[in-house]
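Overview (structure and organization)
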Amino acid sequence: MKRMKILPVRLIVLFIFSSFSCFNSFCLAANVTYDHRSLIIHGRRKLFLSASIHYPRSVPAMWPELIQAAKEGGLNTIESYVFWSGHELSPGKYSFEGRYDLVKFVKTVQQAGMYMILRIGPFVAAEYNYGGVPVWLHYIPGSVFRSYSKPFMSYMQKFMTLIVDMMKKEKLFASQGGPIILAQVENEYQWYEQFYKGGKEYAMWAASMAVSQNTGVPWIMCQQYDAPDPVIDTCNSFYCDQFTPHSSKMPKIWTENWPGWFKKFGAPDPHRPHQDVAFSVARFIQKGGSVHNYYMYHGGTNFGRTSGDFVTTSYDYDAPIDEYGLPRNPKWGHLKELHEAIMLCEGVLLNSDPINLSLGPSQEADVYADSTGACAAFLANTDNATDIMVVFRNVSYFLPAWSVSILPDCKNVAFNTAKVSTQTSIIEMVPEYLQQSDSSADEGSKALQWDVFKAMTGIWGEANFVKSGLVDHLNTTKDTTDYLWYTTSIIVNEDEEFLRTGSQPALLIESKGHTLHAFINQELVQGNTTYSTGTLVFNFTVPIPLKAGKNKIDILSMTVGMPSAGPFYEWTGTGLTGVKIKGFNNGTLDLSSYNWTYKIGVQGQDLSIYNPDNLTNVNWTPTSEPPRNQPLTWYKAVVNEPVGDEPIGLDMLHMGKGQAWLNGEPIGRYWDKRSSIDDHCIQECDYRGTFNQQKCLTGCGEPTQRWYHIPRSWFKPSRNILVIFEEKGGDPTRIRFSRRNISSICGLVTANEDGNESSNSNAAVHLKCPKNRSISTVKFASFGTPTGKCGSFSMGDCHDPNSTPVVEKACLNKNKCAIELTEANFNEGLCPDATKKLAVEVMCS
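Presented here is a report on the structure given in the accompanying data block. (Residues numbered from 1 in each chain as written. Predicted model: local features only at pLDDT ≥ 70, side-chain atom pairs only at ≥ 80, totals over all residues. Heavy atoms only, no water.)

**Points about the overall build of the chain**
The criterion, for reference: Helix numbers and strand numbers start at the N terminus; a helix is a DSSP run of H or I with at least 4 residues, a strand a run of E with at least 2. The globule rule is 2.2 Å times the number of residues to the power 0.38, and the radius of gyration it is compared with is taken over C-alpha atoms. Think of it in three bands: residues with accessible area under 20% of the maximum for their type are buried, residues over 50% are exposed, and the middle band is partly exposed, with areas taken using a 1.4 Å probe on protein chains only. Note on contacts: a residue pair qualifies if any of its non-hydrogen atoms lie within 4.5 Å across the two residues. To measure how exposed things are, a 1.4 Å probe is used in the Shrake-Rupley method; for residues, cover is taken only from the protein chains shown. Charge assignment: positive for Lys and Arg, negative for Asp and Glu; neither His nor the chain ends contribute. One atom stands in for each charge, and that atom is NZ of Lys, CZ of Arg, CG of Asp or CD of Glu.
Across its full length, the chain carries 13 helices and 48 strands. Here the C-alpha radius of gyration of the chain, 29 Å, is about what a compact globule of 845 residues would show, namely 28 Å. With the principal axes as the frame, the chain shows a C-alpha extent of 95 × 65 × 50 Å. The burial tally for the chain puts 59% of its 845 residues in the buried class. Long-range pairs, those at least 24 residues apart, make up 74% of the contacts in the chain between residues at least 6 apart in sequence. Counting every atom, the chain has about 32,300 Å² of accessible surface; 49% of that belongs to carbon and sulfur. Of the charged side chains in the chain, 76 are positive and 83 negative; the average position of the first set lies 3 Å away from that of the second.

**Structural notes on the packing of aromatic side chains**
Any pair of aromatic rings gets described here by the distance separating the centres and the angle formed by the planes. So the rule is basically this: Two rings from Phe, Tyr or Trp (for Trp, the six-membered ring) form a pair when their centres sit within 6.5 Å of each other. Planes less than 30 degrees apart are called stacked, planes more than 60 degrees apart edge-to-face, and all others tilted. Remark: a charge is flagged as sitting over a ring if the NZ atom of Lys or the CZ atom of Arg is within 6 Å of the ring centre and within 35 degrees of the ring normal.
All chains considered together, the criterion is met by 55 aromatic pairs. Seen from their ring centres, Phe 465 and Tyr 598 are 4.8 Å apart, and the 25° between their planes marks the pair as stacked. Placement of Phe 465 in strand S25 (residues 465-468) and of Tyr 598 in strand S35 (residues 595-600) is noted, with a sequence separation of 133 residues between them. Over the face of the ring belonging to Trp 620 we find Lys 636, whose NZ or CZ atom lies 5.2 Å from the ring centre.

**Notes on the environment of Val 765**
Within the secondary structure, Val 765 sits in strand S45 (residues 764-768). Leave out the neighbours within four places in its chain, and Val 765 touches Gly 747, Leu 748, Val 749, Cys 817, Ala 818, Ile 819 and Leu 838.

**Observations concerning the sheet that holds strand S12 (residues 232-237)**
Quick note on the threshold: Two strands are counted as paired when DSSP detects at least two bridges linking them. Axis lines are fitted through C-alpha atoms, for helices just across the contact stretch, and the angle between N-to-C directions can take any value from 0 to 180 degrees.
Strand order in the closed barrel made by the eight strands is S5-S6-S9-S10-S11-S12-S13-S15, with parallel pairing throughout. Direction aside, the axes of adjacent strands within the sheet are offset by 30° on average. The pairing of strand S5 (residues 48-53) with strand S15 (residues 289-298) spans five bridges and is classified as parallel. What sits directly across from Ser 50, in S15, is Asn 293. In this fold helix H5 (residues 102-111) packs onto S5, strand S6 (77-81), strand S9 (115-121) and strand S10 (180-185), with an angle of close to 155° to the strand it touches most, S9.

**Regarding the state of the cysteines**
Our working definition: We call a pair of cysteine sulfur atoms a disulfide when they lie within 2.5 Å.
Summed over the entire model, instances satisfying the criterion amount to eight disulfides. Each sulfur of the disulfide joining Cys 235 and Cys 240 lies 2.0 Å from the other. Its torsion about the S-S bond being -80°, the disulfide of Cys 235 and Cys 240 is classed as left-handed. Across the pair, exposure class does not vary: Cys 235 and Cys 240 are buried alike.

**Considerations on the pairing of strand S28 (residues 515-520)**
Each regular strand displays side chains that alternate between the two surfaces of the sheet. Of all six residues that make up S28, six are buried, and the element is covered over most of its length. Burial along S28 is two-sided: Thr 515, His 517 and Phe 519 facing one way and Leu 516, Ala 518 and Ile 520 facing the other are all buried. Direction of pairing for S28 relative to strand S32 (residues 549-558): antiparallel, over a ladder of six bridges. Bridge assignment links Leu 516 to a residue of S32, and that residue is Ser 557. As paired elements, S28 and strand S29 (residues 523-525) share three bridges and run antiparallel to each other. Within S29, the position partnered with Phe 519 by the bridge is Leu 524.

**Points about the packing of helix H6 (residues 150-169) against helix H7 (residues 199-211)**
Note the threshold: We call two directions roughly parallel when the angle between them is under 35 degrees, roughly antiparallel when it is over 145, roughly perpendicular when it lies between 65 and 115, and oblique otherwise. Handedness of a helix crossing follows the sense of rotation of the near helix relative to the far helix, less than a right angle counterclockwise being left-handed and clockwise being right-handed. Any residue that is not Ala, Val, Leu, Ile, Met, Phe, Trp, Tyr, Cys, Pro, Asp, Glu, Lys or Arg is counted as polar, Gly included; the first ten are nonpolar and the last four charged.
The N-to-C vectors of H6 and H7 enclose an angle of 25°; their axes lie 11 Å apart at closest approach. When the axes of H6 and H7 are compared, the pair comes out roughly parallel. Where H6 crosses over H7, the handedness of that crossing is right-handed. Between H6 and H7, the contacting residues are Phe 152, Met 153, Met 156, Gln 157 and Met 160 on the first element and Tyr 202, Trp 205, Ala 206 and Met 209 on the second. Considered class by class, the residues forming the contact of H6 with H7 number eight nonpolar, one polar and no charged.

**As for the sheet that holds S35**
The strand order S25-S35-S26-S32-S28-S29 describes an open sheet built from six strands, whose pairing is antiparallel. Edge positions in the sheet fall to S25 and S29, since each has one partner strand and no second. Here the strands of the sheet are splayed against their neighbours by 30° on average, with no regard to which way each runs. Two elements, S25 and S35, share four bridges in a ladder whose sense is antiparallel. Paired with Val 466 across the two strands is Thr 597, which belongs to S35.

**So, the environment of Thr 541**
Within the secondary structure, Thr 541 is located in strand S31 (residues 538-543). On the basis of relative accessible area, Thr 541 is assigned to the partly exposed category, the value being 37%. Distance from Thr 541 to Tyr 317, taken between C-alpha atoms, is 34 Å for residues 224 residues apart in sequence. Excluding residues within four positions of it along the chain, Thr 541 makes contact with Leu 507, Leu 508, Gly 527 and Asn 528.

**A closer look at the nonpolar core**
Note the threshold: The criterion is simple. A nonpolar core is a set of buried Ala, Val, Leu, Ile, Met, Phe, Trp, Tyr and Cys residues joined through side-chain atoms within 4.5 Å.
Counting residues in each nonpolar core, the largest one holds 165 residues, and the members touching the most others are Ile 78, Met 167, Leu 338, Leu 650 and Ile 724. It is H6 that provides the largest number of residues to this core, a total of nine residues. The next biggest cluster of nonpolar side chains, apart from the first, holds 26 residues, and it includes Leu 507, Leu 546, Leu 591 and Tyr 598.

**Here's the deal with H5**
With seven of ten residues buried, H5 lies mostly within the body of the structure. Among all positions in H5, only Leu 102, Val 103, Phe 105, Val 106, Thr 108, Val 109 and Gln 110 are buried. The positive-phi residue at the C-terminal boundary of H5 is Gly 113, with phi of around 75°.

**Concerning unusual backbone geometry**
The omega angle of the peptide bond from Gly 121 to Pro 122 is 5°, so this bond is cis rather than trans. Residue Met 296 is bonded to the preceding Tyr 295 through a cis peptide linkage, with omega at 5°. Note on placement: Met 296 falls in strand S15. One non-glycine residue, Phe 310, lies in the positive phi region at around 65°. Mapped onto the fold, Phe 310 is located in the loop between S15 and helix H9 (331-344). Look at Phe 310 and you get buried, because its relative accessible area is 6%.

**Regarding a nonpolar patch on the surface**
Applied cut-off: To count toward a patch, a residue needs a relative accessible area above 30% and no salt bridge. Like charges then connect within 9 Å, nonpolar side chains (Val, Leu, Ile, Met, Phe, Trp, Tyr) within 5 Å. The rule for a salt bridge is simple: a side-chain nitrogen of Lys or Arg has to be within 4 Å of a carboxyl oxygen of Asp or Glu.
The grouping of Trp 191, Phe 195, Phe 568 and Trp 571 at the surface amounts to a nonpolar patch, some 460 Å² of accessible area in total. Within the element layout of this structure, Phe 568 appears in the loop between S32 and strand S33 (576-584).

**Here's the deal with the packing of helix H3 (residues 63-72) against H5**
The contact between H3 and H5 brings their axes to 10 Å, and the two run at 40°. In terms of orientation, H3 and H5 fall into the oblique class. Two packed elements cross with a definite hand, and for H3 against H5 that hand is right-handed. Only Lys 104, Phe 105, Thr 108 and Val 109 of H5 make contact with H3, whose side of the interface consists of Trp 63, Pro 64 and Ile 67. Partitioning the contact of H3 with H5 into residue classes produces five nonpolar, one polar and one charged.

**Describing the pairing of strand S37 (residues 633-639)**
Here S37 lies mainly inside the structure; seven of its seven residues are buried. Taking every second residue as pointing to the same face, both faces of S37 are buried, with Thr 633, Tyr 635, Ala 637 and Val 639 on one and Trp 634, Lys 636 and Val 638 on the other. Note that strand S24 (residues 450-454) and S37 share five bridges and pair antiparallel. Bridge pairing in S37 links Lys 454 to Thr 633. Pairing of S37 with strand S43 (residues 720-726), which is carried by seven bridges, proceeds in the antiparallel orientation. When the bridges of S43 are listed, Trp 634 appears paired with Phe 725.

Laid out in structure tokens, this is it:
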């Protein structure tokens, strides 16, 4: 039995999306149809590999490069939700500007020669505030979100029609010569039907309403397994290879493959190994899938107050392109090679049905062959622990555990999901001082002048109202702000025991969320907060210094985003439900039914003093030594743009909790909340076996988020106005800009892999720096038995001393290079009994 040579994808791949040329000249309308194998465009079957990029979670200046990075990553389609709440700010008042310029985004996709999947919803979930549904709609009489509620259905249909008509006007549906090939209505609804009276009727109405829009492209409903014809039901999960659409006439579509997961304040970082992501995609295609979308391919940023409840400002998602727009390697590169291998099989995959062959108890092959003699095969080992050698067509193939090998010609392996040959990047955040505009660079932070405005604690100006008892936070603020003041006062008698002994009573607060700051006689008191498991309900307990006589109690209740999904999620309450003080002579004092004075927002926010046009609305105090650890404080500095062209993060490690703006643009919420040290983080993640979002956690005991993305396009060369509102106290002198920089790149390749001597000549380390940068230094190079990983390689017992000179000759002062494992480069006779590797780390500058 012979062993087959493994051919690197980059040597055999050649595929061109020929139909894209039509997009750039708007020449032909495409008739989009489908059958059980695929979508059919212009009468031709197409395989669609798609990237979720949400237009409001980046900025227009980033869109072209993000889309191009997806295209260079081997994808041919971009997917996005449509964010209703960002567009319809109040009934009939619309915004399609800046980050919400939907038409511009779709046209940018079109100009890149890519297809588009438009998930109009308009409910989107997406860890987005209120699931993307406008908060004002909750207060329309009779409206119940996502139900057979006439008011909700009326506004939903109106917005859906608005978006469809907008796309039609710009000729953006494929039926008009545009890029949009699929549209989605509703989102992951079927499980929720059971909670709503008329839930099934609503789902069927939504499908019918969408089809009536006459877009000329198919409609989809994800996780709606009884979607009515001609609407296609689709899958969302970490794995969808076993999914089958409800109709045998429909193609197998995966709308959300989660290559990572989102993060919440106070939680560790979730990661999904790239080998497992690749495995899931290969298995889906192996089992007949023809439309696949990564949710997310670029997660981006929840700017301003757009995140769902407790979701961080970063929506990085451990995606192939990181929050700042940089490829996350090896994930991006490994998936690029996967996509290239899959596209080599496109023709035969879509024009035939697979034949399944057993290769062992947990091993199988799916073979696609057509009448022309073309053939492609997928060999899978679903055992999560055991590597194995299998025999396919009288040839032996090595299959690592939990992996798929792709054979575009049924002979040669173009790609295996567990074997990573692409480069790894080390990314660092390079700090620099905030530099006062018009000052020299070497003056640094010493020259920085701050302006400070201290907001009043509790009520300022006129109160909004006074009421006996505690009100719901959200129903009061209508989500116009995160903040609501609850204020009252008590009289303490001089004969209270705690006044004599010096002990302190305890303030006990119960709240439905999300967090709070308590002030006693204008002073912030720091307490312990205990959340109920699986909810945002919490108890706050703190000793408080009361005095004889009148004592003022001010409680600042805060939301951290609204719920984004769940049955009747818009009815979820927030705010205080109980306030007591324990420790009086007569026992516990219950303040819950006292008269409370209410004020919406915090002082300064009502005047929008974060907006450059409104800076003079308050009296700022200039100082070069701003107050530290002072709550309820606005800070303003006028600074230069950081040097270079790298993406920028705002380092808020030494601040507490609040919000930040640059030139009036909303950077978002920041919070120093740390994850628990007991959250079961790991050092190394085993990609083998079924993944879930709790499997591969890092960052236990660390701040959930330290750096906050500021898009470069928000900066001016000088006189940038940075505004910070700090709620509980921090040190503004330690705020820094940080440049996100790919400092090193590494390659690691194994010779003699799987005992296949004939493959050695093709083995090579491929390295590539970011654009406009070149390889300046070889930090490490060893052919032999090196150990460790990127950033911490070390030489083994076996080492070719010629390794570094060979790598320097091939790579120095070049943007990219390849170092082949050939006899001309390395001593292949070295350590004959060892499995040899080449490990390289270089610096880009």
